[in-house]
Amino acid sequence: MSHTKPSSMATFKRLLGYVKDKKIGLIGGIIGMLGYAAVDATFLYSLKPLLDEGLTGKDPDVLTYMPIFVLVIITTRGIAAFLSTYCMAWVGNHVVMKLQRSLFNHLMHMPVAFFDQRSTGDLLSKITYDSNQVANAASNALVSIFREGATVIALLCLMFYQSWQLSLIFFLVGPVVGLVINKVSKRFRTLGHQIQDAMGSVTTASEQMLKGHKEVLMFGGHEEEQEKFGSVSNSVRRQNMKMISAKAISVPVIQFLASIALAFVLYLATFPQVMETLTPGTFTLIISSMFALMKPIKSITQVNNEIQKGLAACDSLFAILDDNPEQDTGTKVIKRVAGDIEFKNVTFTYEGKEKPALKAVNFKVQAGRSLALVGRSGSGKSTIAAILTRFYDGIEGDVLIDGQSIYQYPLNNLREQMAYVSQKVHLFDDTIANNIAYATGDTYSREQIIAAAETAHAMEFIDKFPQGLDTVVGEDGVMLSGGQRQRIAIARALLRDSPILILDEATSALDTESERHIQEALDVLQKDRTSIVIAHRLSTIENADEILVVDDGAIIERGNHQALSEADGIYANLVKMQQVAE
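Treat the numbers as computed from the prediction; the structure is a model and nothing was measured.

**Looking at the overall build of the protein**
And then number 1: Scanning the protein from terminus to terminus reveals 20 helices and 10 strands.
And then number 2: In terms of C-alpha radius of gyration, the protein reaches 35 Å, well past the compact-globule figure of 25 Å for 582 residues.
And then number 3: In terms of overall dimensions, the protein has a C-alpha envelope of 120 × 50 × 50 Å along the principal axes.
And then number 4: In the protein, buried positions account for 47% of the 582 residues.
And then number 5: For the protein, long-range pairs separated by at least 24 residues make up 79% of all intrachain contacts whose partners lie at least 6 apart in sequence.
And then number 6: Carbon together with sulfur atoms contributes 59% to the accessible area of the protein, which is approximately 30,100 Å² in total.
And then number 7: Each charge class in the protein can be summarised by its mean position, and for the 54 positive and 61 negative side chains these summaries are 8 Å apart.

Here it is in structure tokens:
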């Protein structure tokens, strides 16, 4: 989805929306920043009485109080600096936490189609790297820009108050400085976007290598992966160098413009008419203020790149937050469906594809009965399951459960009615017990978890682990075999006791012994449930009430195992081929 890049001000205003409930911290930060600027201006202003009255002997008390004044000023400045830094960091970190949480929650509710089109690495980069850029902008950079900005305003006011004639020169240079900063800001923002894209590529390349580590070792892909990573990391380096060069050029240019104003003031001060209107204290105060202006102007220019990177990161995060989550408009909540399923003339095309994955599919499954789907890879079998669970929307036709369109049920309520066991089981880096009872809270007792695991023939291997059900399975269940993961998935489905069961090639990748165990567990699981079985091995679906043969998105044969085996069709050929293979 293409997004037009919003203006800096629109992005900044939206970011401020995340600060609304942190007003106390923001006020504390602003007081600290204004205090810091006021203290700096007051310290410079003290030069005038020191030179005009203290050192000339007009008022010796000035010299007496000056040491105390210096201590008070420096202490106050330290307190103001701490207050502004701490409060703004507190606000900034809360903003980032809210942004990260919003993004994480939003991604959880995005449709499957969204993830089909994006790499996991890129999305991880947004949650980590982009959020970190916002943190820098929201705390460190914002403190600098406001604190130094307030200092510049305070010093200019001080100069104007002392001698508006000399100070006017600075106002002539001011618009040129503003113009340079504006140009540089746009450059920083563009580079910020490019750095984010490059960082997303780094995360993606790293993730690909880490996930495919066995393949890299097996096929000797070290050089290829090294080359890929070398290319993306070099891209990040180049973008960072562009950012650094823009930053390195902008600071001296702006300081040079400011020095022109300073040189002009010094030149004017040589005229007797001007000198007559100035005391040594006033002149020193104006020159000191001009020198003092150099540092905040430099800081503002330098920190501007952090602000622009942060705003670019915000654009990127807001673009995802503006993407539509799963549409959930259903209102008919049902405790437990009977399990009648009907596909009525369903046609579906994946986003970005021209050819439909399903073409006018019609079938019915009565409650408690089983339907098997067979066909070659890519024929549309798994798409049928994905539409029933509403992983994908945008179908033509309708899908009914108990005579009601699945779009009438709220998403959570619809999915509670189904247990889904697929060929690729995902397990979380948690205990076996928590994986079986995933997302159920305290609904099920330990005994119920054990009962489900026993029915799924999973306790046979769980008992062999020293920690039993409390064994941590590692990321994606890496500590377990394919068959063991499958049995945990079946135990997960058994525990929920849903009225509809979807088995998506649940036994295709298993050895004979594992398959026998799992088939026994599946037979128990299918009892008194409506089941849709997507099968690779035909021996597992011989007892199905009806079998549909799917090819190229359409149903081309239907009937039970015996009828289809005796007919001279695709199913009969598949049976013969598998018998020969076995």
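The rest of the description comes next.
**Observations concerning the sheet that holds strand β2 (residues 358-365)**
And then number 1: Spatially, 4 strands are ordered β2-β1-β4-β5 in an open sheet, and the strand pairing comes out antiparallel. Each edge of the open sheet is held by one strand with a lone partner, namely β2 and β5 (404-405).
And then number 2: Pairing between strand β4 (residues 396-401) and β5: 2 bridges, direction antiparallel. Note on β5: the bridge partner recorded for L400 is S405.

**Here's the deal with the domain arrangement of the protein**
A common way to state how big an interface is: give the accessible area lost once the parts meet.
And then number 1: For the protein, the assigned domains are domain 1 (7-163 + 299-324), domain 2 (164-277) and domain 3 (341-580).
And then number 2: Relative placement of domain 1 and domain 3: their C-alpha centres are 54 Å apart.

**A few points about the packing of helix α2 (residues 23-45) against helix α6 (residues 120-162)**
And then number 1: Two elements in contact, α2 and α6, have axes separated by 8 Å at closest approach and are oriented at 35 degrees. Taken as a pair, α2 and α6 cross one another with a handedness that is right-handed. Touching M33, L34, Y36, A37, D40, A41, L44 and Y45 of α2 are L142, V143, F146, R147, A150, T151, A154, L155, L158 and Q162, all from α6.
And then number 2: Residues of the contact of α2 with α6, tallied by class, amount to 14 nonpolar, 2 polar and 2 charged.

**Notes on the side chain of N435**
And then number 1: Tracing the chain through its elements places N435 in helix α14 (residues 432-436).
And then number 2: On the basis of relative accessible area, N435 is assigned to the buried category, the value being 1%.
And then number 3: Those residues in contact with N435 that lie beyond four places of it in its chain are L427, F428, D430, V473, I488 and R492.

**A closer look at the pattern of salt bridges**
And then number 1: Summed over the entire model, instances satisfying the criterion amount to 17 salt bridges.
And then number 2: In this structure, D21 and K22 form a salt bridge, with 3.6 Å as the shortest nitrogen-oxygen distance.
And then number 3: Salt bridges sharing common partners tie together D21, K22 and K98.

**Structural notes on the UniProt feature "transmembrane region" (unreviewed entry) in the protein**
And then number 1: Look at the UniProt record and you will see "transmembrane region" (unreviewed entry) annotated at residues 24-45, 65-91, 141-161, 167-184 and 248-271.
And then number 2: Its end C-alpha atoms 39 Å apart, residues 65-91 is made of 100% helix and 0% strand.
And then number 3: The span residues 141-161 is 100% helical and 0% strand by assignment, and the distance between its end C-alpha atoms comes to 30 Å.

**Focus: the sheet that holds strand β6 (residues 418-422)**
And then number 1: Across the sheet, which stays open at both edges, the 6 strands sit in the order β6-β7-β8-β3-β9-β10 with mixed pairing between neighbours. Whereas interior strands pair on both sides, the edge strands pair on one side only; in this sheet they are β6 and β10 (554-559). Looking at each pair of strands side by side, their axes are set apart by 15 degrees on average, direction ignored.
And then number 2: Of the pairings in the sheet, the one linking strand β9 (residues 546-551) to β10 comprises 5 bridges and is antiparallel in character. Bridge pairing in β10 places D551 opposite A554.
And then number 3: Those strands touched by helix α12 (residues 381-388) are β3 (370-374), β6, β7 (500-504), β8 (530-534) and β9, and its axis lies near 145 degrees from that of β8.

**Some remarks on the packing of aromatic side chains**
And then number 1: Scanning the entire structure with this criterion turns up 10 aromatic pairs.
And then number 2: Here the aromatic rings of F348 and Y392 are separated by 5.8 Å at their centres, their planes lie at 50 degrees, and the arrangement is tilted. Remark: Y392 occurs in the loop between α12 and β4 and F348 occurs in strand β1 (residues 341-348); sequence separation between them is 44 residues.
And then number 3: Judged by centre distance (5.0 Å) and plane angle (90 degrees), the ring pair of Y350 and Y392 falls under edge-to-face. Placement of the pair is Y350 in the loop between β1 and β2 and Y392 in the loop between α12 and β4, with a sequence separation of 42 residues.
And then number 4: Here the aromatic cluster, defined as three or more aromatic residues joined through ring pairs, consists of F348, Y350 and Y392.
And then number 5: Sitting over the face of the ring of F318, R14 holds its NZ or CZ atom 4.1 Å from the ring centroid.
And then number 6: Here the guanidinium or amino end of R147 rests over the ring plane of Y36, the centre of that ring lying 4.6 Å away.

**Points about a nonpolar patch on the surface**
And then number 1: A surface patch of nonpolar side chains, about 260 Å² in accessible area, is lined by I27, I31 and L83.
And then number 2: Mapped onto the elements of the fold, I31 is located in helix α2.

**Notes on the environment of F291**
And then number 1: Looking at where F291 falls in the secondary structure, it is placed in helix α11 (residues 280-321).
And then number 2: The spacing of F291 and D21 is 270 residues in sequence and 39 Å in space, taken between C-alpha atoms.

**Quick word on the nonpolar core**
And then number 1: In terms of nonpolar packing, the biggest core is built from 44 residues, with I436, I541 and Y571 touching the most fellow members.
And then number 2: Of all the elements, helix α17 (residues 482-496) adds the most residues to this core, at 7 residues.
And then number 3: In this view, I436 contacts I449, A453, L469, I488, A491, R492, L495 and R496; residues no more than four positions away in its chain are not counted.
And then number 4: Membership of the second largest hydrophobic core comes to 32 residues, among which are V337, V346, A357 and A385.

**Focus on unusual backbone geometry**
And then number 1: With a phi close to 50 degrees, N345 is a non-glycine residue in the positive phi region.
And then number 2: By relative accessible area, which is 45% here, N345 ends up partly exposed.
And then number 3: At D497, a residue that is not glycine, the phi angle is positive and equals roughly 55 degrees.
And then number 4: Looking at the element boundaries, D497 is found in the loop between α17 and β7.
And then number 5: Taking the relative accessible area as the measure of exposure, D497 reaches 38% and is therefore partly exposed.

Basis of the calculations
- Residues numbered from 1 in each chain as written.
- Predicted model: local features only at pLDDT ≥ 70, side-chain atom pairs only at ≥ 80, totals over all residues.
- Heavy atoms only, no water.
- Helix = DSSP H or I, 4+ residues; strand = E, 2+ residues; numbered from the N terminus.
- Rg over C-alpha atoms; globule rule 2.2 N^0.38 Å.
- Buried < 20%, exposed > 50% of the residue type's maximum accessible area, 1.4 Å probe, protein only.
- Contact = heavy atoms within 4.5 Å.
- Areas by Shrake-Rupley, 256 points an atom, 1.4 Å probe, with all protein chains shown as cover.
- Lys, Arg positive; Asp, Glu negative; His and termini not counted.
- Charge placed at Lys NZ, Arg CZ, Asp CG, Glu CD.
- Pairing = 2+ DSSP bridges.
- Domains from an automatic or database assignment.
- Axes fitted to C-alpha atoms, helices over the stretch in contact; angles between N-to-C directions.
- Left-handed = near helix turned anticlockwise from the far one by under 90°.
- Nonpolar A, V, L, I, M, F, W, Y, C, P; charged D, E, K, R; others polar.
- Salt bridge = Lys/Arg side-chain N within 4 Å of Asp/Glu carboxyl O.
- UniProt positions renumbered as here; feature names shortened; annotations may be inferred.
- Phe/Tyr/Trp six-rings, centres within 6.5 Å; stacked < 30°, edge-to-face > 60°.
- Lys NZ or Arg CZ within 6 Å of the ring centre and 35° of its normal.
- Patch = residues over 30% accessible without salt bridge, like charges linked within 9 Å, V, L, I, M, F, W, Y side chains within 5 Å.
- Core = buried A, V, L, I, M, F, W, Y, C linked by side-chain atoms within 4.5 Å.

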